[in-house]
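# Observations on the model geometry
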Amino acid sequence: MEPLISIVDDDEPVREALRRVLAAHGLETAVFASGKQLLDSDRLPEVACLIADVKMPEMSGLALHHRLMAAGHRIPTILITGGPTPSGRNQALAEGVLSYVPKPLSEEALLDNVRLALARSAVGHGDGMSGSQSSEAGASGEPALRTGRPHPRSHLKRLEAESIAILREVAA
């Protein structure tokens, strides 16, 4: 079974654009217009990565991250925002969010962050990264996503290795 990536954004064109890009790369997605919809979803236990808008009515992306953590769902979270601020980024990263990425984001940035999140999810570190880095850009080249049907663990190990390489590149 493919890892599930949940996209939560109140802006339908953004949700659909993210879904289409990820689907084009063979990734399974579920889209939600609000944090409440995700929390009420029967697919919540399957979620391996969360992409959420920072600013949404009723519940922000960071508030959703807090609710999930409080309920025991340690899902690597990528926050996307049309109004990035250094204080917002610092707060999100300090509170366990994996990445804080400004909109519009490139396909490469999206895929790099999703790979990192899936690798973190696979090794049981859904609580984000240690330190205060975010993976807003990464290695170029073809995404190493599963095209055949190799064993899922080998796929996850490859994602983990690529994520480590991306982090080293970003830190350099």
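It should be noted that the structure appears before, not after, this text.
Note that this is a predicted model, so its numbers are computed, not measured.

## So, the pairing of strand E2 (residues 28-32)
Relative to E2, strand E1 (residues 4-8) runs parallel, the two being bridged by five bridges. Its bridge partner being in E2, Ser 6 is matched across the sheet by Ala 30. Tracing the backbone out of E1, into helix H1 (residues 12-24) and back to the parallel element E2 gives a crossover that is right-handed.

## Observations concerning helix H3 (residues 61-70)
Along an α-helix, a turn takes 3.6 residues, which lines up residues three or four apart on a common side. Inspection of H3 places Gly 61, Leu 62, Leu 64, His 65 and Leu 68 among the buried residues, and these make up the whole buried set. Down the axis of H3, the sector holding all buried residues measures 155°, keeping them to one side. Contacts made by the buried residues of H3 are with E1, helix H2 (35-40), strand E3 (47-53), strand E4 (77-81) and helix H4 (86-94). Remark: Gly 72 follows H3 within two positions and exhibits a positive phi of approximately 90°.

## Remarks on the sheet that holds E4
The sheet built from five strands is open, its strands ordered E2-E1-E3-E4-E5 with parallel pairing. The open sheet is flanked by E2 and strand E5 (99-102), the only strands paired with a single partner. Between one strand axis and the next, the sheet turns through 20° on average, direction left out of account. Note: E1 against E3, five bridges, orientation parallel. The partner of Ser 6 across the bridge, within E3, is Leu 50. Against the sheet, H3 engages E1, E3 and E4, with an angle of about 150° to E3. The strands touched by H4 are E4 and E5; relative to E5, the strand with the most contacts, the crossing angle is about 155°.

Rules used throughout
- Residues numbered from 1 in each chain as written.
- Predicted model: local features only at pLDDT ≥ 70, side-chain atom pairs only at ≥ 80, totals over all residues.
- Heavy atoms only, no water.
- Pairing = 2+ DSSP bridges.
- Helix = DSSP H or I, 4+ residues; strand = E, 2+ residues; numbered from the N terminus.
- Right-handed = clockwise from strand over helix to strand, strands pointing away.
- Buried < 20%, exposed > 50% of the residue type's maximum accessible area, 1.4 Å probe, protein only.
- Arc of directions from axis to C-beta.
- Contact = heavy atoms within 4.5 Å.
- Axes fitted to C-alpha atoms, helices over the stretch in contact; angles between N-to-C directions.

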